[in-house]
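Spelled out from the first residue to the last, the chains are:
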Amino acid sequence: MPRSGPFLRFEMSELPQALAAAVIPVATVPPSDRVELRLRAEMTRIFHRAAISGIAFHIVLGCLTLYAAHGAAPASFVWGFSGVLLLVSFSRAGCHIAFARRNPPADQLLLWRTLFVTGAILTGIVWAVGGWVFLASDSSVLRFLTVITIAGMSAGAARGLSPEPWCSRIFISTTLGSMGLKFILMPVSGQWMLTAIAVLYGLYLINMSHSEHADLKRIYRLVFENEDLVLTLSAAKERAESANVAKSGFLAMMSHEIRTPMNGVIGMLQAVQSTSLTREQREQVQVANSSAEALLRLLNDILDFSKIESGKLEFESISFSPAAAAREVLALLQPRAVEKRIEMTIELAPNLPPWVMADPVRMRQVLLNLMGNAVKFTEKGKVRLVVEMMEAPSTTARLHFRIRDTGIGIDAPARARLFSVFSQADSSTTRRFGGSGLGLAISQRLVKTMGGEITVVSIPGEGSEFSFDLVFPLAEPAVDAVSASVARPLEKLSGRVLVVEDDRVNQKVISLMLGRLGIAFEVVDNGLSAVQRGTAEDWDLVLMDVQMPEVDGLEATRRIRRHPRGRTPIVALTANALPEDRAACEAAGMNAFLTKPIREMELRLCLETWLRADRFEAQPSEPLVSKIA
């Protein structure tokens, strides 16, 4: 690069280095040099964008000078000067017009830069020669016009040639240098003063050109660096989105691949438990069933955490009873507490609102995680759940939940990382009690999403207390909730069910369950058979696996729905448990959704819904899809 400062310096070695830099392909240079190459290419384009007005200025001044030189300078020189000047000027104009039309890429700018620099230097030489001759004229008008023209062109070159400072130095040095030297040789008074003025003016213009070049570089470097930063951030964003899509796809695939064999494991364990077993055998089956349930809880925790991280976890707003939800959690954990000989109690404030609006599933999930941890980490003593009313209800109610245990407790350093992902108090805790460390992290995020925050107070060796407050809108009791709260005997089921399942183990599991429930059924193992049998005969219900080779459950459902007899209720049996899987089933025309592994009670409740006499019957003008159950 040219050296800074107002001094007139130029090394010819800079020219080939500067020109060679323009032909290096951008893709072959490291990112740190890419901005410099783009900067040099932009400087070449600035040359050409600003050149036309400068060339027009040269032509006009040249014509005026020729008019003044007529009769005051040798005619041959005047015509020769004008011919060369017009030839150079119009050649430069044609070059710049061609450049503007072609807009060449960066790797072709060397030729255009060379043409521009050559034209500018030739213009300076032409005016240097013309100025030398015209200043020797006896016409004061011609001499004055020559000085004004050369001074003006040099000033324009200081700005117009600033993208390449060495070019502006040559132009200014050639034109003003020739004029200054002519002043020295002229036999007039004050010739040294005129020469000094020319030199000082030339140094000033060179310095101004250098400053202009520095400003241009600084501005465009900022522009290009910001553009590179935006591109880098955009690329990083695309990589993150691709990674997130890949992660979601991986989780969906692994969820399906793990749930499919888990359906066989849990289903067969349930079948074995319903047979006559010795005490030792029953204990062994219970251990195996507990291990399978623990593995399933871990899978659900991982999926929940993934949905929370991606912002895809959906919350419902349903009327439910907070007292009933707390009692359900206690009932679920009571067998484990009895097994460990731990006293587990619940205290419900008498002024609790009977019904509130929230997501009861997420609410029970939080209480199950906190109460489950309390039972797990308590070896003796008691676990207590307290639900209190913090404010008198108007349209909302603030409830305070507190879970107190007499377990191992948590020290201060462990409490600081307690709600981090995959974190427990220490490694010995993991080995001794098990667990993934996801439960508390998920619970905290669920509570924060609902507008609260879990806090913990603990003394090592004495126990812990987890608490949080949540505000719930008051609600009226839901019809389904009222009917569900009334105990009723199990209905006797009847009907014909078509089971579509390609996995042999899952066929066996669902067959055992339906057989114990007294349901007549037939099994097909692919989507094509499902469409043929589902539209050829009358069925009361179709249990449809979703992921099958060739024709999957979604496409099979769509084909059945297009058939005149395709009004049979269809329930998805799938190991895909993500929200988008439910949406896809609903869009295909399915009426309900059962996630593998399937429990017998869940299957029975589904059958009671769709096999009872007053079950869903769509009219011809009504949509065939109801809300996913």
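Residues numbered from 1 in each chain as written. Predicted model: local features only at pLDDT ≥ 70, side-chain atom pairs only at ≥ 80, totals over all residues. Heavy atoms only, no water.

(A) Focus on the overall build of the protein chain. Counting its secondary structure elements, the protein chain contains 19 helices and 12 strands. Taking all 629 residues of the protein chain together, the buried fraction comes to 45%. Counted over contacts in the protein chain with a minimum sequence separation of 6, partners at least 24 positions apart contribute 74%. Working note: accessible area of the protein chain is about 32000 Å², and carbon and sulfur atoms make up 61% of it. (Helix = DSSP H or I, 4+ residues; strand = E, 2+ residues; numbered from the N terminus. Buried < 20%, exposed > 50% of the residue type's maximum accessible area, 1.4 Å probe, protein only. Contact = heavy atoms within 4.5 Å. Areas by Shrake-Rupley, 256 points an atom, 1.4 Å probe, with all protein chains shown as cover.)

(B) Up close: helix 3 (residues 75–102). In this model helix 3 runs 40 Å from its N-terminal to its C-terminal C-alpha over 28 residues, within 8% of the 40 Å that 1.5 Å per residue would give. Within helix 3, burial applies to Val78, Phe81, Ser82, Leu85, Val88, Ser89, Arg92, Ala93, Cys95, His96 and Phe99. Where helix 3 terminates, the next one or two residues include asparagine 103, which has phi positive at roughly 45°. (Expected span 1.5 Å × (residues − 1).)

(C) Looking closely at the sheet that holds strand 7 (residues 463–473). In space, the five strands of this open sheet follow the order 2-4-5-7-6, with mixed pairing throughout. Sheet topology places strand 2 (343–348) and strand 6 (455–459) at the edges, where each strand pairs with a single neighbour. Each strand of the sheet is rotated relative to its neighbour by a mean of 15°, with strand direction disregarded. Bridge analysis of strand 5 (residues 396–405) against strand 7 gives nine bridges, and the strand direction is antiparallel. When the sheet's bridge partners are listed, phenylalanine 401 is paired in strand 7 with phenylalanine 468. Against the sheet, helix 9 (residues 322–340) makes contact with strand 2, strand 4 (382–389) and strand 5, and its axis sits at roughly 175° relative to strand 2, the strand it touches most. (Pairing = 2+ DSSP bridges. Axes fitted to C-alpha atoms, helices over the stretch in contact; angles between N-to-C directions.)

(D) The arrangement of the pairing of strand 4 in detail. Direction of pairing for strand 2 relative to strand 4: parallel, over a ladder of six bridges. Counted as the bridge partner of threonine 345 is arginine 384 from strand 4. Relative to strand 5, strand 4 runs antiparallel, the two being bridged by seven bridges. Looking across to strand 5, one finds that arginine 384 is bridged to arginine 404.

(E) Expanded view of the packing of aromatic side chains. The full count for this structure, using the stated rule, is seven aromatic pairs. Between phenylalanine 81 and phenylalanine 134, the ring centres sit 5.3 Å apart and the planes meet at 80°, which makes this aromatic pair edge-to-face. Note that phenylalanine 81 is positioned in helix 3 and phenylalanine 134 in helix 4 (residues 109–135), a separation of 53 residues in sequence. According to the relative accessible area criterion, phenylalanine 81 is buried, its value standing at 5%. (Phe/Tyr/Trp six-rings, centres within 6.5 Å; stacked < 30°, edge-to-face > 60°.)

(F) Focus on a nonpolar patch on the surface. A cluster of nonpolar side chains, Leu122, Ile125 and Val129, forms an exposed patch at the surface whose accessible area comes to about 230 Å². Along the chain, valine 129 falls in helix 4. You can call valine 129 partly exposed: its relative accessible area is 45%. (Patch = residues over 30% accessible without salt bridge, like charges linked within 9 Å, V, L, I, M, F, W, Y side chains within 5 Å. Salt bridge = Lys/Arg side-chain N within 4 Å of Asp/Glu carboxyl O.)

(G) Quick look at helix 9. Between the first and last C-alpha of helix 9 there are 27 Å, a value that for 19 residues agrees with the 27 Å anticipated at 1.5 Å per step. Along its length, helix 9 reaches its greatest deviation from straightness, about 45°, at leucine 333, and the proline proline 335 lies no more than four positions downstream. Every buried residue of helix 9 is listed here: Pro322, Ala323, Ala325, Ala326, Val329, Leu330, Leu333 and Ala337. Check the buried side of helix 9 and you find it contacts strand 1 (318–320), strand 2, strand 3 (356–358), helix 10 (360–376), strand 4 and strand 5. (Bend = angle between axes of the 7 residues up to and from the residue.)

(H) Here's a closer look at the confidence of the model for the protein chain. Of all residues in the protein chain, 78% attain a pLDDT of 70 or more, and the chain-wide mean is 77. Within the model, pLDDT remains below 50 along residues 1–29, and this stretch shows 49 contacts once partners closer than five positions in the same chain are excluded. The low-confidence segment residues 613–629 (pLDDT under 50) makes 38 contacts with residues lying over four places distant or belonging to another chain. (pLDDT = per-residue confidence, 0-100.)

(I) Quick look at the sheet that holds strand 9 (residues 520–524). Spatially, 9-8-10-11-12 is the arrangement adopted by the five strands of the open sheet, whose pairing is parallel. Two strands in the sheet have a free side with no partner beyond their single neighbour: strand 9 and strand 12 (592–595). Across the sheet, the axes of successive neighbouring strands diverge by a mean angle of 20°, strand direction being ignored. Taken together, the four bridges between strand 8 (residues 496–500) and strand 10 (residues 541–545) define a ladder with parallel strand orientation. Paired with valine 497 across the two strands is leucine 541, which belongs to strand 10. Of the strands in this sheet, strand 8, strand 9, strand 10 and strand 11 (570–574) touch helix 15 (residues 504–516), which is tilted by about 170° from strand 9.

(J) Region of the structure containing the nonpolar core. Counting 44 residues, the largest nonpolar core has Met371, Phe466 and Phe468 as the members making the most contacts within it. Elements represented by at least two residues in this core include exactly helix 9, strand 3, helix 10, strand 4, strand 5, helix 13 (439–449) and strand 7. The contact partners of methionine 371, leaving out residues within four places of it in the chain, are Val329, Leu330, Leu333, Met344, Val383, Leu385 and Ile403. Core analysis: the next-biggest nonpolar cluster, separate from the first, contains 34 residues, Leu66, Leu135, Ala198 and Leu205 among them. (Core = buried A, V, L, I, M, F, W, Y, C linked by side-chain atoms within 4.5 Å.)

(K) Summary view of the environment of proline 460. Here proline 460 lies in the loop between strand 6 and strand 7. Taking the C-alpha atoms as reference points, proline 460 and alanine 412, 48 residues apart in sequence, are found 9.0 Å from one another.

(L) Broad picture of the environment of serine 291. Positionally, serine 291 belongs in helix 8 (residues 279–309). Of the residues examined, serine 291 reaches a relative accessible area of 46% and is grouped as partly exposed. Along the primary structure serine 291 and isoleucine 266 are separated by 25 residues, whereas in three dimensions their C-alpha atoms are 9.8 Å apart.

(M) The environment of arginine 327, seen in detail. Assignment of secondary structure puts arginine 327 in helix 9. Note: C-alpha distance between arginine 327 and leucine 348 (21 residues apart in sequence) is 9.4 Å.

(N) Region of the structure containing the pairing of strand 9. Inspection of the sheet shows strand 8 paired to strand 9 by five bridges, in the parallel sense. The residue bridging leucine 498 from the neighbouring strand is glutamate 522, located in strand 9. Handedness of the crossover joining strand 8 and strand 9 through helix 15 is recorded here as right-handed. (Right-handed = clockwise from strand over helix to strand, strands pointing away.)

(O) Structural detail: the pattern of salt bridges. Under the definition given, this model contains 14 salt bridges. For the salt bridge of aspartate 215 with arginine 218, the shortest nitrogen-to-oxygen distance reads 2.3 Å. Here aspartate 215 pairs with arginine 218, and both are found in helix 7 (residues 191–273), just three residues apart, close to one helical turn. Note that glutamate 522 is salt-bridged to arginine 533, the shortest N-O span being 2.4 Å. With glutamate 522 in strand 9 and arginine 533 in helix 16 (residues 527–536), the pair connects residues that are 11 residues apart, well separated along the chain. Linked by salt bridges that have partners in common, Arg496, Glu522, Arg533 and Glu537 make up one network.

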